[in-house]
Amino acid sequence: MLEIKDLHAGVDGTEIVKGISLSVNKGEVHAIMGPNGSGKSTLAKILSGHPAYEATSGEIIFDGQNLLEMDAEERSLAGVFMGFQYPVEVPGVNNAEFLRMAHNARRVKAGEEEVDPLDFDELLSEKMKMLGMEKKYKERNLNDGFSGGEKKKNEILQMAILEPKLSLLDETDSGLDIDALRIVSEGVNKLRNENNALILITHYQRLLDYIKPDFVHVLSQGKIVKSGDKALAIELESQGYDWVTTAD
Amino acid sequence: MSETIVESTEETAFLDLHKKFVEENKSSSALSAIHESALSRFEMLGFPHSKHEMYTYVNTKKLAATTFAVSNPSAKIDLIEKHIYSGCENSCLVFVNGVLDRSLSKLKDIESSVKISSLEEKSDTDTLLESVENENDVFACLTNAFCSDVTVVEFPDKGQVAVPIQALFVSTGNTSLPEMHSPRLLWKVGKLAEVKVIEKFVGMQEGYFTNMVQDWRVAEGAGVVLTQVQSDPFGAWNFHKTRVHIKRNARFHSANASSGSVLVHNHFEVRLEEEGAEVILNGVSVLKGKEQVHNFIRIHHEAPQCVSHQHFKNVINDEGRSSFDGTVIVNQGAQLTSANQLINNLMLSDDCHADNKPNLMIFADDVKCAHGATIGQIDEDQLFYLQTRGLSKKFAKELLTRSFAESIVQTIEFSEVVKELSNTLLKKLEVDNV
């Protein structure tokens, strides 16, 4: 589904990602871990199409399309979802209405008719029930005044509505207490199926106790320095990153 | 100390116009006294130059240099109905070219509860004369000099008007010889009365100057909700001064939605005269092309425990221009005052312009006052976030600008007005290209 080939990328003329190659297939969960400054966030931003970040060489092929030639909106409509580490607040835009607009954008792209607010409300209620989310998420404005945990839950709600092929969750666990982490993880797990794929960018291992990865990759100084399975994550937890990053 | 007043041609032109106006209009002695006093005051003040405090950001040169005819109140008006809001079909005062037209007004629902008259009571005349003598706005002086009538609207003590009242100001316009209209109103709200009013300004075509002054006297415990919708064509000037006196525990809540024109000037002068008085002034404008809206606000806290809130938002595109000059004056003795003032400007082009001058003058020592102003573009992070959810850049921009303006529109109590503004004012935010 996703093929990253020798990607070099950076911001403001500074190269941060220095040659990453990665393959992600349907049904897989990949975890990307690494110390601060290793390039995890830059990779996420490049994949999402952030205008300030530039890929200087390499390729990213998603479902046979060249992702680097698509803007953020096109990527989203193609089925890429980015769960932000720090979701932006947009006061004045109602959350439910925003979700309906995003849902309708997808439907229009697929040649289907837009749904009206009443029909959408049914769909939204169903997804919210599945994720165990309270009514307030419908009534409030987009991330406006949400706590960190509420913002992350709202990202997962968006994921549930948009049904992406590839989800990229950037440090979704940061700032969450153990209960919120459990609820968010349960939500993510419910949305997984054999046709979609998940990339988790995380600093800490604990998220991976809840969302079990098939592959774990360690990023250091802009490159993947080691790949393995869940056991790798457990080793990192007990030994830290040094043993991997300095061994290179 | 003697001074020779040197009049420019602009003032002289208006003085001559006034002579003609007096000849053609038979006014009562009360009204004549107001005319005379106002004209002297106009002569004394003269049109503003760029250093004049009230018009620092407002270029009135072209307006002052325009030759006007005084309005023709008997002109025929079509299509009034489409401007009357649902719910006001039997509670609408229709002003044609600044003068109340009783034949076109629909007053069935309010004739028993509201008294609408011309200037009759000596106390009202005295009050107006006093305000004219102390008038600091030269354009308000012109209104008082050229008004062919003063419409007095009176709500009795404890009056509860079941329906909102609309005051519709329609101008015929004349593109070859622009007309000057001078609506002059006095609203008297009795003790504990509750009143809701919607004012709307429209024109059949360009070529007019609506120059209005209204006084609101809000008695103890009364509540007023006022909404103003300015929707004139581009080639029309709209100046209006709203002066409000608020007594003990009374409230005055106003929301102003301005579409702009070649020049719009909203002047609010509010006096919180007794303890517990409260004023809320909200405003939103959406400007394109060369449209302008200027807000000039003076709020006087004259007694303790009074509250004032102001929140104005401007969305400005192309070469639009706005200004906010707002001063809150807290008198000595106005302890426990609570005053807030916030202006937000969203700039959508390189050539648009916004001036902001929030100001506090505090002479009491136990008060809570705050003011702030922001000028910015569309938040790029918000724009990117919406795009990552599949919204096009164009759509996301419209959504963000609309939500910016909508927060003020949503404070308007009248759903019919909100609905209309969604299709008019907010529709101006639709982006033609990315």
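Residues numbered from 1 in each chain as written. Chains lettered and ligands numbered in written order. Predicted model: local features only at pLDDT ≥ 70, side-chain atom pairs only at ≥ 80, totals over all residues. Heavy atoms only, no water.

Draft legend 1. Broad picture of the overall build of chain A. Of regular secondary structure, chain A possesses ten helices and ten strands. The C-alpha atoms of chain A give a radius of gyration of 18 Å, which matches the 18 Å a tight globule of 248 residues would have. By principal-axis analysis of the C-alpha atoms, chain A measures approximately 55 × 40 × 35 Å. Relative to its full complement of 248 residues, chain A shows a buried share of 53%. Counted over contacts in chain A with a minimum sequence separation of 6, partners at least 24 positions apart contribute 67%. Summed over its atoms, the accessible surface of chain A is roughly 11000 Å², and 46% of this surface lies on carbon and sulfur atoms. Taking the 28 positively charged and 42 negatively charged side chains of chain A as two groups, their mean positions are separated by 3 Å. (Helix = DSSP H or I, 4+ residues; strand = E, 2+ residues; numbered from the N terminus. Rg over C-alpha atoms; globule rule 2.2 N^0.38 Å. Buried < 20%, exposed > 50% of the residue type's maximum accessible area, 1.4 Å probe, protein only. Contact = heavy atoms within 4.5 Å. Areas by Shrake-Rupley, 256 points an atom, 1.4 Å probe, with all protein chains shown as cover. Lys, Arg positive; Asp, Glu negative; His and termini not counted. Charge placed at Lys NZ, Arg CZ, Asp CG, Glu CD.)

Draft legend 2. Expanded view of the sheet that holds strand 3 (residues 29-33) of chain A. Residues and elements named next belong to chain A. In spatial order, the strands read 6-7-8-3-9-10; together these six strands make up an open sheet with mixed pairing. Two strands close off the open sheet at either side, each with one partner strand: strand 6 (80-83) and strand 10 (223-228). The mean angle between the axes of side-by-side strands here comes to 20 degrees, regardless of whether they run parallel or antiparallel. In the sheet, strand 7 (residues 166-170) pairs with strand 8 (residues 197-202) via five bridges, with the strands oriented parallel. (Pairing = 2+ DSSP bridges. Axes fitted to C-alpha atoms, helices over the stretch in contact; angles between N-to-C directions.)

Draft legend 3. Up close: the nonpolar core. If you look at the biggest cluster of nonpolar residues, it comprises 117 residues, and the most contacted ones within it are Leu2 and Ile4 of chain A. Ranked by the residues each element gives to this core, the list is headed by helix 7 (residues 393-409) of chain B, at seven residues. Those residues in contact with Leu2 of chain A that lie beyond four places of it in its chain are Leu22, Ser23, Val24, Leu47, Ile60, Ile61, Phe62, Leu166 and Ile199 of chain A. Counting residues in hydrophobic clusters, the runner-up holds 48 residues, among them Val224, Phe268, Ala303 and Val330 of chain B. (Core = buried A, V, L, I, M, F, W, Y, C linked by side-chain atoms within 4.5 Å.)

Draft legend 4. Up close: the side chain of Asn104 of chain A. All names here are of chain A. Relative to the elements of secondary structure, Asn104 occurs in helix 3 (residues 95-109). In this structure Asn104 comes out as buried when scored by relative accessible area, which is 4%. In terms of polar contacts, Asn104 uses its side chain to reach the backbone amide nitrogen of Val115, at 2.7 Å. Every residue in contact with Asn104, bar those within four places of it in the chain, is listed here: Glu114 and Val115. (Polar contact = N/O pair within 3.5 Å; in protein donor to acceptor, adjacent residues only side chain to side chain.)

Draft legend 5. Focus on the sheet that holds strand 4 (residues 53-62) of chain A. Residues and elements named next belong to chain A. If you trace the four strands from one edge of the open sheet to the other, you get 2-1-4-5, paired in antiparallel fashion. Edge strands, defined here as strands with exactly one partner in the open sheet, are strand 2 (14-24) and strand 5 (65-66). Inspection of the sheet shows strand 1 (residues 2-11) paired to strand 4 by eight bridges, in the antiparallel sense. If you follow Gly10 over to strand 4, its bridge partner there is Glu54.

Draft legend 6. Here's a closer look at the interface of chain B and chain A. Across the contact, 16 residues belong to chain B and 29 residues belong to chain A. Each partner contributes to the roughly 1700 Å² buried at the junction of chain B and chain A, and carbon and sulfur atoms together form 69% of this total. For the chain B face of the interface with chain A, the top three residues by lost area are Phe384, Tyr385 and Arg389 of chain B, together amounting to 43%. If you look at where chain B meets chain A, you find one salt bridge. Among the ionic pairs, Arg389 of chain B bridges to Glu155 of chain A, the shortest N-O distance being 2.8 Å. Inspection of the chain B/chain A interface yields nine residue pairs in polar contact (both at pLDDT 80 or more). (Buried area = accessible area lost by both parts, 1.4 Å probe. Salt bridge = Lys/Arg side-chain N within 4 Å of Asp/Glu carboxyl O.)

Draft legend 7. How the structure looks around the packing of aromatic side chains. Residue and element names in this part refer to chain B. As enumerated under the stated definition, the model contains 24 aromatic pairs over all chains in all. Considering the side-chain rings of Phe14 and Phe47, the 5.2 Å spacing of their centres and the 70 degrees angle between planes classify their relative orientation as edge-to-face. Taken together, the positions of Phe14 in helix 1 (residues 9-24) and Phe47 in the loop between helix 2 (29-45) and helix 3 (61-64) put the pair 33 residues apart, joining distant regions of the chain. You'll find Phe14 and Phe47 in the same group, each marked buried. Judged by centre distance (5.6 Å) and plane angle (35 degrees), the ring pair of Phe68 and Phe209 falls under tilted. Pair noted here: Phe68 is in the loop between helix 3 and strand 1 (69-70) and Phe209 is in strand 10 (residues 208-218), with a separation of 141 residues, a long-range link. Judged by its relative accessible area of 0%, Phe209 is buried. Clustering of aromatic rings is evident, with ring pairs tying together Phe14, Phe42, Phe47, Tyr55, Phe68, Phe139, Phe209, Trp237 and Phe239. In this arrangement the basic side chain of Arg389 is found over the ring face of Tyr385, its NZ or CZ atom lying 4.7 Å from the centre. (Phe/Tyr/Trp six-rings, centres within 6.5 Å; stacked < 30°, edge-to-face > 60°. Lys NZ or Arg CZ within 6 Å of the ring centre and 35° of its normal.)

Draft legend 8. Region of interest: the pattern of salt bridges. Residue and element names in this part refer to chain B. In the structure shown here, the tally under the stated rule is 43 salt bridges over all chains. Between Glu273 and Lys247 there is a salt bridge, and its shortest N-O distance comes to 2.7 Å. Residue Glu273 is found in the loop between strand 14 (263-272) and strand 15 (278-287), and its partner Lys247 is found in the loop between strand 12 (236-246) and strand 13 (251-258); the two are separated by 26 residues along the sequence. On the accessibility criterion, Glu273 (21% relative accessible area) is partly exposed. What makes Lys247 partly exposed here is its relative accessible area of 32%. The salt bridge involving Lys428 is made with Glu291; its shortest N-O contact spans 2.7 Å. With Lys428 in the segment after helix 8 (415-423) and Glu291 in the loop between strand 15 and strand 16 (292-301), this pair connects stretches of sequence that are 137 residues apart. In terms of burial, Lys428 and Glu291 fall into one category: buried.

Draft legend 9. Summary view of the environment of Ala354 of chain B. Residues and elements named next belong to chain B. Relative to the assigned elements, Ala354 resides in strand 20 (residues 353-362). We classify Ala354 as buried; its relative accessible area is 14%. Sequence separation between Ala354 and His294 is 60 residues; the distance between their C-alpha atoms is 9.4 Å.

Draft legend 10. Unusual backbone geometry, seen in detail. One non-glycine residue, Glu171 of chain A, adopts positive backbone phi at about 45 degrees. Checked against the element boundaries, Glu171 of chain A lands in the loop between strand 7 and helix 7 (178-191).

Draft legend 11. Region of the structure containing the confidence of the model for chain B. The predicted model of chain B has a mean per-residue pLDDT of 92, with 95% of residues at 70 or higher. Taken together, the stretch residues 1-5 of chain B has pLDDT below 50 and engages in one contact with residues farther than four places along the chain or on a different chain. (pLDDT = per-residue confidence, 0-100.)

Draft legend 12. Molecular detail of a negative patch on the surface. Taken together, Asp116, Asp119, Glu122 and Glu126 of chain A make up a surface patch of like negative charges. Within the element layout of this structure, Glu122 of chain A appears in helix 4 (residues 117-131). (Patch = residues over 30% accessible without salt bridge, like charges linked within 9 Å, V, L, I, M, F, W, Y side chains within 5 Å.)

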